[in-house]
Amino acid sequence: MTTILSTWKEPGRVAIEAAWQSRKAGADLRTTLEHGLTAAELDPKMIAIGLGSIPNADGELELDASMMDGRTLEAGAVCAVRGIVPVISVARRVMEKTPHVMLAADQARRFAIEEGFGPTNLMTAESCRLYSEWLANRELEKEYVHSLDKPSDTVTMLALEDGPHLVAASSTSGMAYKKPGRVGDSPIVGAGIYADDEVGAAGATGLGEELWKACASFRAVEQMRRGASPQEACDEVVAQMLRRQPRAAEMPCVVFALARDGSWGAAVTNGTFELWSCQDGQLDCRTYEATQAAAIM
Ligand code: GLY
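Thresholds applied
- Residues numbered from 1 in each chain as written.
- Predicted model: local features only at pLDDT ≥ 70, side-chain atom pairs only at ≥ 80, totals over all residues.
- Heavy atoms only, no water.
- Core = buried A, V, L, I, M, F, W, Y, C linked by side-chain atoms within 4.5 Å.
- Buried < 20%, exposed > 50% of the residue type's maximum accessible area, 1.4 Å probe, protein only.
- Helix = DSSP H or I, 4+ residues; strand = E, 2+ residues; numbered from the N terminus.
- Contact = heavy atoms within 4.5 Å.
- Near = heavy atom within 4 Å.
- Polar contact = N/O pair within 3.5 Å; in protein donor to acceptor, adjacent residues only side chain to side chain.
- Areas by Shrake-Rupley, 256 points an atom, 1.4 Å probe, with all protein chains shown as cover.
- Nonpolar A, V, L, I, M, F, W, Y, C, P; charged D, E, K, R; others polar.
- Lys, Arg positive; Asp, Glu negative; His and termini not counted.
- Salt bridge = Lys/Arg side-chain N within 4 Å of Asp/Glu carboxyl O.
- Axes fitted to C-alpha atoms, helices over the stretch in contact; angles between N-to-C directions.
- Parallel < 35°, antiparallel > 145°, perpendicular 65-115°, else oblique.
- Left-handed = near helix turned anticlockwise from the far one by under 90°.

K.L.:
Which parts of the structure should I look at to understand the nonpolar core?
P.N.:
Nonpolar side chains in soluble globular proteins tend to end up buried together. Ile4, Leu33, Leu37, Val78, Val90, Met157 and Tyr177 are the most contacted members of the largest nonpolar core, which totals 49 residues. Ranked by residues supplied to this core, first place goes to helix H3 (residues 87–97) with six residues. Those residues in contact with Val78, other than ones at most four positions away along the chain, are Leu63, Asp64, Ala65, Val87, Val90, Ala91, Val94, Leu103, Ala108 and Pro187. Membership of the second largest hydrophobic core comes to 44 residues, among which are Leu166, Tyr194, Phe256 and Tyr288.

K.L.:
Mind showing me how you'd approach unusual backbone geometry here?
P.N.:
When glycine is set aside, most residues are seen to have a negative phi, and most peptide bonds are trans. Residue Pro86 is bonded to the preceding Val85 through a cis peptide linkage, with omega at -10°. At the junction of Gly163 and Pro164, the peptide bond is cis and its omega measures out at -10° in the coordinates. Mapped onto the elements of the fold, Pro164 is located in the loop between strand E5 (154–161) and strand E6 (165–172). Even without being glycine, Leu73 reaches a positive phi, approximately 60°. Here Leu73 is to be found in the loop between strand E2 (63–69) and strand E3 (74–81). When its relative accessible area of 39% is taken as the criterion, Leu73 is described as partly exposed. Located in the positive-phi region is Ala105, a residue other than glycine, with phi close to 50°. Tracing the backbone through its elements, the reader meets Ala105 in helix H4 (residues 105–114).

K.L.:
Hey, could you run me through the site of the ligand in this one?
P.N.:
Around the ligand lies a shell formed by Thr154, Thr172, Gly174, Met175, Arg182, Gly184, Asp185, Ser186, Gly206 and Gly208. The separation between a nitrogen atom of the ligand and a polar side-chain atom of Asp185 is 2.6 Å. Residue Gly206 places a main-chain N or O atom 2.7 Å away from a nitrogen atom belonging to the ligand. Against a free-state accessible area of 200 Å², the protein chains account for coverage of 98% of the ligand. Residue composition of the shell around the ligand, grouped by class: one nonpolar, seven polar and two charged.

K.L.:
Can you help me understand the side chain of Asp197 in this one?
P.N.:
Relative to the elements of secondary structure, Asp197 occurs in the loop between strand E7 (193–196) and strand E8 (200–206). The buried charged residue Asp197 lacks any salt bridge, with Arg71 as its nearest oppositely charged partner at 4.3 Å. Within the structure, the side chain of Asp197 is placed 3.3 Å from the backbone nitrogen of Arg71, a separation counted as a polar contact. A distance of 2.9 Å separates polar atoms of two side chains, one belonging to Asp197 and the other to His165. Beyond its immediate stretch of four places on either side in the chain, Asp197 contacts Gly70, Arg71, Pro164, His165, Leu166 and Arg260.

K.L.:
What is the right way to read the packing of helix H1 (residues 9–24) against helix H2 (residues 29–42) from this model?
P.N.:
It is at 7 Å that the axes of H1 and H2 come closest, and there the two elements cross at 140°. What the angle tells us is that H1 and H2 run oblique. The handedness of the crossing between H1 and H2 comes out as right-handed. Together, Pro11, Val14, Ala15, Ala18, Ala19, Ser22 and Arg23 of H1 and Leu29, Thr31, Thr32, His35, Gly36, Ala39 and Ala40 of H2 make up the contact between the two elements. Broken down by class, the residue content of the contact of H1 with H2 amounts to eight nonpolar, five polar and one charged.

K.L.:
Would you mind going over H3 with me for this structure?
P.N.:
Residues spaced three or four apart along an α-helix face the same direction, because each turn holds 3.6 residues. The element H3 is largely enclosed, with a buried count of eight among its eleven residues. Listed in full, the buried residues belonging to H3 are Val87, Ile88, Ser89, Val90, Ala91, Arg92, Val94 and Met95. Buried residues along H3 sit against H2, E2, E3, strand E4 (102–104), H4 and E6.

Printed below as a string of structure tokens:
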């Protein structure tokens, strides 16, 4: 049995369908998630991650990505990379071809180009239009950013195969119109992703500053290590965030977890969140609401 999870309705569907096609053709879990995230990154119509997503305050796309393998705890990540897609593939190469965990900004781009990735203009006509609109409304910046209906600018994926063996991966364009150089939780091992074959894997999406402060993914995995179910682990992380972090309720902060026994769960601090699952090709999308975690505070 192969189980794959993927965040947010539209980009998550593109990613999980591509991931399953890859898996069906015989890919290992690293390649399965790489292909899933690549499909979402390269879709110019998908205003979520990679090509054609929402830029920073300078009108430039700065992308972050990460991958972690639960067998060896190997991990690779890149952050604030301009003009390169798919960044998930660059993150994987950091993991597999360097002794490091993360490369940042211009030097991550240089590494990608050395590895054969071509520099690309990531701004589409639609992302330019959205940026111009944001510039025109800049004095209303806070309200405008928060008016984006959901922070679905991140796709985080978890995968499990018999063994059990797990891999986690994430790709994001980060917060819309962010300060240049800003990096959120997604490329941070322990915040945006974590995987350990002894226990399970977890991922995050949403307001990256708060998820990072919470070390959300690591915390969820450690809760499972102490015996919590994935749902209990996510509820605990989100409840603790709501109790200790005043900003955690401002926007959705999501943590989701997949245990080595194949069970999974998710929780969100505010609003609703959609999580795709794929069990040997059987696709489902479930909506999670903020109420459950708030109830156990
Ligand atoms: N969770 C994505 C970010 O805040 O960058």
